2 protein chains.
Amino acid sequence: MAERIQNCFLFSEFTLEELRQFRENAEVKQFAKNQIIWQYGTPAKQIGVVLEGCVRIETQDYWGNRSILAKISAFEVFGEAFYCAHISARPVQVCSDTDTKILFFGIPEVPEGNCRTQFLEKLLQVTAGKNVMLADKMRHITKRTIREKLLSYLSAQAGLRKDSRFTIPFNRQELADFLAVDRSALSKELGKLQAEGVLQFKKNHFTLLKSSEAD
Amino acid sequence: MAERIQNCFLFSEFTLEELRQFRENAEVKQFAKNQIIWQYGTPAKQIGVVLEGCVRIETQDYWGNRSILAKISAFEVFGEAFYCAHISARPVQVCSDTDTKILFFGIPEVPEGNCRTQFLEKLLQVTAGKNVMLADKMRHITKRTIREKLLSYLSAQAGLRKDSRFTIPFNRQELADFLAVDRSALSKELGKLQAEGVLQFKKNHFTLLKSSEAD
DNA sequence: CTCCTTTCGTTGCAAAAACAACAGACTTTC
DNA sequence: GAAAGTCTGTTGTTTTTGCAACGAAAGGAG
């Protein structure tokens, strides 16, 4: 049992006996690079944990255009939302990005009792955390203009830090990707906002100023 | 106990004894219209369930502009994501939209044993469901143009129904709001797509056609 | 210090979107 | 069945954005 699944947050507090029992019930499979692990549209009957390697979460549209939603690396979980929501057909496909070893299981495979309760609470924490992040991002992205998206995001950051001066964890390109806009257009808008005296910035350090009529 | 909290999905399978015990531990409070229920920035130490009336989830930016994220009505849950993710400061405020009666509780208040496990699984299901919907919406919204957003959304619908002919649950304005774009611009783009032979539609019934180079 | 790479701001231009306004089709209501 | 209201497509105009390209600034490596 060289994979040390205790490295995964979900199992970090299992006892040795619980780990042993869980590993007996769960399934481990190996995949070569670029194999399909879960086909698009299949029912979500298991949760996956990457033990070695890296997998891609992908979508494919009606006309065959593929796009990568995320990459999941060692000791990270995937498919848990589809599993827990009991959906009948996964809206994505999962593909090995390198040679991989994957652990598959369902909640019934988790040892009963205190262990399972703890596991569920952790899974809930992970899922809820993703939820908060998604909802937060959604709040900014749904604004119509780059200016509004920026002010919404920066405002939230200031609120979070409880300080009108703060540093963001993104460089320009990353911020543009996060807000789903063009980098140069973002830079342009930042320049305008600074010229208008709404805010000041220097690299990724920002200061929000006085009042404005923005949303 | 006139509120019949069994109407709430989370508690629908509690036994009478479990319900009684739970209600002893949980807290019920009444609010007049437009009172602040949870202040922005406060720690998320409880989950809320609306028993009577309706509440608003709101944000407020650095310059004081308010925006409504959601309205929660009777027997619906709110704040569960913040609670389960153990965040230290809620990024939203919650306000009574009408006179309301709210049930507040934390997980320790749920009777132990089988009951709690079932509750956690249900809560997980609800949270995961929101997660799937949010991620799904995000996939479409992050596309850069209205055309791409539309094709992404419609493509996903076709995939979901496993049929290139399908009906969507939105009218034009609602679809525009969902994709975070202007209604008339959306109509315009739909017209173009139809003229180009990419798809056909009639009200909210759509048919996707042949191939295209869109993403 | 110099070369190389990455990041950032800027510009011009073409494309796309927002906005406002209107007319026809369809619904609902009385 | 007429009137009022809603939903949808369309058009024209203005604003915003995406895109491509470039040069300056910053940071690292040798």
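Everything below is about the structure printed above this text.
Please read all numbers here as calculations on a predicted model, not as lab measurements.

*Asks:* Sorry if this is basic, but what is going on with the overall build of chain A here?
*Replies:* When helices and strands are counted, chain A shows 6 helices and 11 strands. In terms of overall dimensions, chain A is more spread out than a globule: its C-alpha atoms have a radius of gyration of 21 Å, far above the 17 Å expected for 215 residues. Each principal axis of the C-alpha atoms in chain A carries an extent, and together these give about 65 × 45 × 30 Å. Put simply, chain A has 215 residues, and 50% of those count as buried. Here the analysis covers contacts within chain A between residues at least 6 apart in sequence; of these, 68% occur between residues at least 24 apart. Summed over its atoms, the accessible surface of chain A is roughly 10200 Å², and 49% of this surface lies on carbon and sulfur atoms. Of the charged side chains in chain A, 30 are positive and 26 negative, and the gap between their average positions amounts to 7 Å.

*Asks:* Please clarify how the sheet that holds strand 9 (residues 165-167) of chain A should be interpreted in this entry.
*Replies:* Across a sheet, strands are paired by hydrogen bonds formed along the backbone, either parallel or antiparallel in direction. Residue and element names in this part refer to chain A. In spatial order, the strands read 9-11-10; together these 3 strands make up an open sheet with antiparallel pairing. The open sheet has two edge strands with one neighbour each: strand 9 and strand 10 (199-202). Averaged over all pairs of adjacent strands, the angle between their axes in this sheet comes to 20 degrees, without regard to strand direction. Bridge count between strand 9 and strand 11 (residues 205-208): 3 bridges; the pairing is antiparallel.

*Asks:* Can you help me understand the interface of chain B and chain A in this one?
*Replies:* Size of an interface: often given as the accessible area lost when the parts come together. Taken residue by residue, the interface counts 59 residues in chain B and 62 residues in chain A. In this assembly, chain B packs against chain A so that about 4800 Å² is buried in total across both faces, 66% of it on carbon and sulfur atoms. Scanning the region where chain B abuts chain A turns up 0 salt bridges. Counting across the chain B and chain A interface gives 6 residue pairs in polar contact (both at pLDDT 80 or more). Breaking the side of chain B that touches chain A down by element, the ones donating at least two residues are strand 5 (66-73), helix 2 (80-84), helix 3 (114-141) and helix 4 (146-161) of chain B. The element contributing the most residues to the side of chain B that touches chain A is helix 3 of chain B, with 19 residues.

*Asks:* I'm lost on the layout of surface pockets in this one. Help?
*Replies:* It is a probe the size of a water molecule, rolled over the atoms, that shows where empty space is left. The calculated volume of the second largest pocket comes to roughly 1600 Å³. Lining the second largest pocket are 50 residues, and of these Leu69, Lys130, Met133, Leu134 and Lys137 of chain A lie nearest its centre. Secondary structure elements with two or more residues in the lining of the second largest pocket: strand 5 (66-73), strand 6 (77-78), helix 2 (80-84), helix 3 (114-141) and helix 4 (146-161) of chain A together with helix 3 of chain B. Of the residues forming the lining of the second largest pocket, the biggest block, 8 residues, is contributed by helix 3 of chain A. Of the residues that constitute the lining of the second largest pocket, the class distribution is 34 nonpolar, 5 polar and 11 charged.

*Asks:* How should I be thinking about the protein's contact with DNA strand C in this particular structure?
*Replies:* As a matter of local geometry, DNA strand C sits amid 17 residues, with Arg172, Ser187 and Phe201 of chain A together with Thr145 and Ile146 of chain B nearest to it. The contact atoms of DNA strand C, taken as those within 4 Å of the protein, divide so that sugar and phosphate hold 53%. Between Arg172 of chain A and DNA strand C, the recorded distance is 2.7 Å, taken from a side-chain N or O atom to a phosphate oxygen. At 3.1 Å, a side-chain N or O of Arg183 of chain A approaches a base oxygen of DNA strand C. Of all the secondary-structure elements, those providing two or more residues to the surface near DNA strand C are helix 6 (183-195) of chain A together with helix 6 (183-195) of chain B.

*Asks:* Help me understand the side chain of Thr117 of chain A, please; the structure alone is not making it clear to me.
*Replies:* Mapping Thr117 of chain A onto the fold places it in helix 3. Among the residues examined, Thr117 of chain A registers a relative accessible area of 15% and is labelled buried. Once residues lying within four places of it in the same chain are set aside, the contact partners of Thr117 of chain A are Arg116, Thr117 and Leu120 of chain B.

*Asks:* Please clarify how helix 4 of chain B should be interpreted in this entry.
*Replies:* For an α-helix the count is 3.6 residues per turn, leaving residues at separations of three or four pointing the same way. All names here are of chain B. The end-to-end C-alpha distance of helix 4 is 22 Å, a good match for the 22 Å that 16 residues give at a rise of 1.5 Å each. Three or more residues of helix 4 are buried, namely Lys149, Leu150, Leu151, Ser152, Tyr153, Leu154, Ser155, Ala156, Gln157, Ala158 and Gly159. The inward-facing, buried residues of helix 4 abut helix 3, strand 9 (165-167), helix 5 (172-179), helix 6, strand 10 (199-202) and strand 11 (205-208). Lys162 sits one or two residues past helix 4 and shows a positive phi near 55 degrees.

*Asks:* Any chance you could explain the pattern of salt bridges here in plain terms?
*Replies:* Oppositely charged side chains can form a pair if their charged atoms are brought close together. Residue and element names in this part refer to chain A. Overall, the coordinates contain 24 salt bridges over all chains when judged by the stated rule. Here Asp136 makes a salt bridge to Arg139, at a shortest N to O gap of 3.0 Å. Of the two residues, Asp136 and Arg139 both sit in helix 3, 3 residues apart, roughly one turn of that helix. On the accessibility criterion, Arg139 (13% relative accessible area) is buried. Connected via shared salt-bridge partners are Arg56, Glu58, Lys71 and Asp97.

What counts, and at which threshold
Residues numbered from 1 in each chain as written. Chains lettered and ligands numbered in written order. Predicted model: local features only at pLDDT ≥ 70, side-chain atom pairs only at ≥ 80, totals over all residues. Heavy atoms only, no water. Helix = DSSP H or I, 4+ residues; strand = E, 2+ residues; numbered from the N terminus. Rg over C-alpha atoms; globule rule 2.2 N^0.38 Å. Buried < 20%, exposed > 50% of the residue type's maximum accessible area, 1.4 Å probe, protein only. Contact = heavy atoms within 4.5 Å. Areas by Shrake-Rupley, 256 points an atom, 1.4 Å probe, with all protein chains shown as cover. Lys, Arg positive; Asp, Glu negative; His and termini not counted. Charge placed at Lys NZ, Arg CZ, Asp CG, Glu CD. Pairing = 2+ DSSP bridges. Axes fitted to C-alpha atoms, helices over the stretch in contact; angles between N-to-C directions. Buried area = accessible area lost by both parts, 1.4 Å probe. Salt bridge = Lys/Arg side-chain N within 4 Å of Asp/Glu carboxyl O. Polar contact = N/O pair within 3.5 Å; in protein donor to acceptor, adjacent residues only side chain to side chain. 1 Å grid on protein atoms, 1.4 Å probe; cavity = no way out; pocket = protein on both sides within 12 Å on 5 of 7 lines; lining within 4 Å. Points joined across faces, edges and corners; volume = space filled by probe spheres on them. Nonpolar A, V, L, I, M, F, W, Y, C, P; charged D, E, K, R; others polar. Near = heavy atom within 4 Å. Expected span 1.5 Å × (residues − 1).

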